[in-house]
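Single-letter residue listing:
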Amino acid sequence: MVDQKQKKFLLSENDIPKQWYNISADLPTPLSPPLHPGTLEPAGPADLAPLFPTELIMQEVSQDRWIDIPDPVREMYRMWRPTPLIRATGLEKALGTPAKIFYKYEGVSPVGSHKPNTAVAQAYYNSIEGTKRIVTETGAGQWGSALSYACQQFGLEAKVYMVKASYDQKPYRKSMMQTFGGTVTASPSDETEAGRSILAEDPNSPGSLGIAISEAVEIAAQNDDTKYSLGSVLNHVLMHQTVIGQEAILQMEMADAYPDVVIGCAGGGSNLAGISFPFIADKLAGKTNTRFIAVEPEASPSLTKGEFAYDFGDAIGTTPLFKMHTLGHTFVPNPIHAGGLRYHGMAPLVSALFDAGVYEAKAYHQNACFEAAVLFASTEGIIPAPEPTHALKAAIDEALEAKETGEEKNILFHLCGHGHLDLSAYDNYFSGDMVDYALPSEAIAEAMKSVPQIGK
Ligand SMILES: *Cc1c(COP(=O)(O)O)cnc(C)c1O
């Protein structure tokens, strides 16, 4: 019998997964291949070779269901894994819901989010293939922090282009990257062609993830000892995050509660994939009827308002094109929006599963999410990062619905990071300065014009 009041479900180090789960092996229909930006022909592994180490390229296209986690990476995971799965008994009580609410908490990692799960894997493969330096972009700063940490552990340099708006608003993230040995530059910068071309058009550009990607890719393409790295969106990145869901499966078993609904916030799609893909495997195998919900901000609604089409991964069209839900690669998010989740596209794997009806999607305004976060902090003692407040808000809505219907369902949501470095956003919320901004349909239509006409 499971103790009905048990709050924490903890695993031992032996339970850290030994393999990553590759959902590509189980997709109902195979993914549309990425296209070369020049020829628009399917891009092969050779096209990616200047940017990524061979092993990660092989993982990107692999159809093997399970891929072994190398010992040095698993060793590194022991620093913070297994992460806890916690039953939100305090929140349940405050809501008066018959539903059980569980959350998987990745805020215990060195940088306070799920991102190091893939950062250490990527740094490891680069280190064994002779890379000296990894260059990347970061939005809110979490990915740059994770990569800086991972590079330092494996003896590599990290160079990070940080979106200018965040660089100015989040100085502590910059300090964290520096603490872990990373070099940080505000993007757009005058260090690259891409940055200079954006600055020529708009010297006060707040930057965007797409622009910062263009800068980082340019540096990697020009330097033999330098590779590029992405913290979300790509297949191998999502796969590395599946350690989260694999642990959660064991922990939900301990709680004797298979989830009826699994919820994650969705920016590029990696934390959502991490918590949900291992459960989706059961659903695709016809064993369960679980619902999966992707939650995004109204300010950057690529699933709920975007189009499923081939588009570039970056702002100026130098990366391969991916078939994904996109708002158009020229989309620049409004800086009033506090949280991350600001990328123009959604991971091809998540997009395809959304298209296939496996995921539902919803979008929320940020004030409602922060209201949920403050309730959560008072009942569970954790201050969430702005991004997972979207998942939290959806979990609360599910629990309130259960209260209406009396349904005793099991809700699992992903608390993918803590908000200790995002307190200025909480400050905005408390002072009433937080603006609810929905991306206007004209802005969507405008950015959507940049989506190339392929197969239409
Ligand atoms: C990076 C990040 C996100 C958004 O990226 P996904 O790939 O969608 O997970 C969300 N939450 C936190 C805490 C992050 O660091």
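Predicted model, so just to flag it, every value in this text is computed and none were measured.

Asks: So what exactly am I meant to see when it comes to the sheet that holds strand β4 (residues 85-87) here?
Replies: Paired through their backbone hydrogen bonds, the strands of a sheet run either parallel or antiparallel. Reading across the sheet, the seven strands line up as β1-β4-β5-β15-β10-β11-β14 and stay open at both edges, with mixed pairing between neighbours. Because the sheet does not close on itself, it has two edges, and the strands there are β1 (8-9) and β14 (359-364). Where β4 lies against strand β5 (residues 100-105), three bridges are found, and the strand directions are antiparallel. Bridging across to β5, R87 finds its partner in F102.

Asks: Would you explain the pattern of salt bridges in this entry?
Replies: Side chains that carry opposite charge are capable of pairing whenever their charged atoms lie near each other. Applying the stated criterion across every chain, the model contains 19 salt bridges. We note a salt bridge from R196 to E193, for which the minimum N-O separation is 3.1 Å. Of this pair, R196 and E193 both sit in helix α9 (residues 193-201), three residues apart, roughly one helical turn. Across the pair R291 and E360 runs a salt bridge whose closest N-O atoms are separated by 2.8 Å. Here R291, found in strand β11 (residues 291-297), pairs with E360, found in strand β14; they are 69 residues apart in sequence, far enough to count as distant. A relative accessible area of 28% means that R291 is categorised as partly exposed. With relative accessibility at 31%, the residue E360 sits in the partly exposed group. Each of R81, K104, E106 and E247 takes part in a single network of salt bridges with overlapping partners.

Asks: Please clarify how a negative patch on the surface should be interpreted in this entry.
Replies: Taken together, the side chains of D260, E401, E404 and E407 make up a negatively charged region of the molecular surface. With respect to the helices, strands and loops of the structure, E401 is situated in helix α16 (residues 388-405).

Asks: Just to check I follow, could you spell out the environment of R81 for this structure?
Replies: Among the secondary structure elements, R81 is positioned in the loop between α3 (71-77) and β4. Judged by relative accessible area, which is 2%, R81 ranks as buried. Expressed as a C-alpha distance, the spacing of R81 and D15, which sit 66 residues apart in the sequence, is 9.1 Å. Ignoring anything within four residues of it in the chain, the contact list for R81 reads E13, I16, K104, E106, N117, V243, I244 and E247. In terms of polar contacts, R81 uses its side chain to reach the side chain of T83, at 3.3 Å. Among the polar contacts listed, one links the side chain of R81 to the side chain of E106, at a separation of 2.8 Å.

About the criteria used
- Residues numbered from 1 in each chain as written.
- Predicted model: local features only at pLDDT ≥ 70, side-chain atom pairs only at ≥ 80, totals over all residues.
- Heavy atoms only, no water.
- Pairing = 2+ DSSP bridges.
- Helix = DSSP H or I, 4+ residues; strand = E, 2+ residues; numbered from the N terminus.
- Salt bridge = Lys/Arg side-chain N within 4 Å of Asp/Glu carboxyl O.
- Buried < 20%, exposed > 50% of the residue type's maximum accessible area, 1.4 Å probe, protein only.
- Patch = residues over 30% accessible without salt bridge, like charges linked within 9 Å, V, L, I, M, F, W, Y side chains within 5 Å.
- Areas by Shrake-Rupley, 256 points an atom, 1.4 Å probe, with all protein chains shown as cover.
- Lys, Arg positive; Asp, Glu negative; His and termini not counted.
- Charge placed at Lys NZ, Arg CZ, Asp CG, Glu CD.
- Contact = heavy atoms within 4.5 Å.
- Polar contact = N/O pair within 3.5 Å; in protein donor to acceptor, adjacent residues only side chain to side chain.

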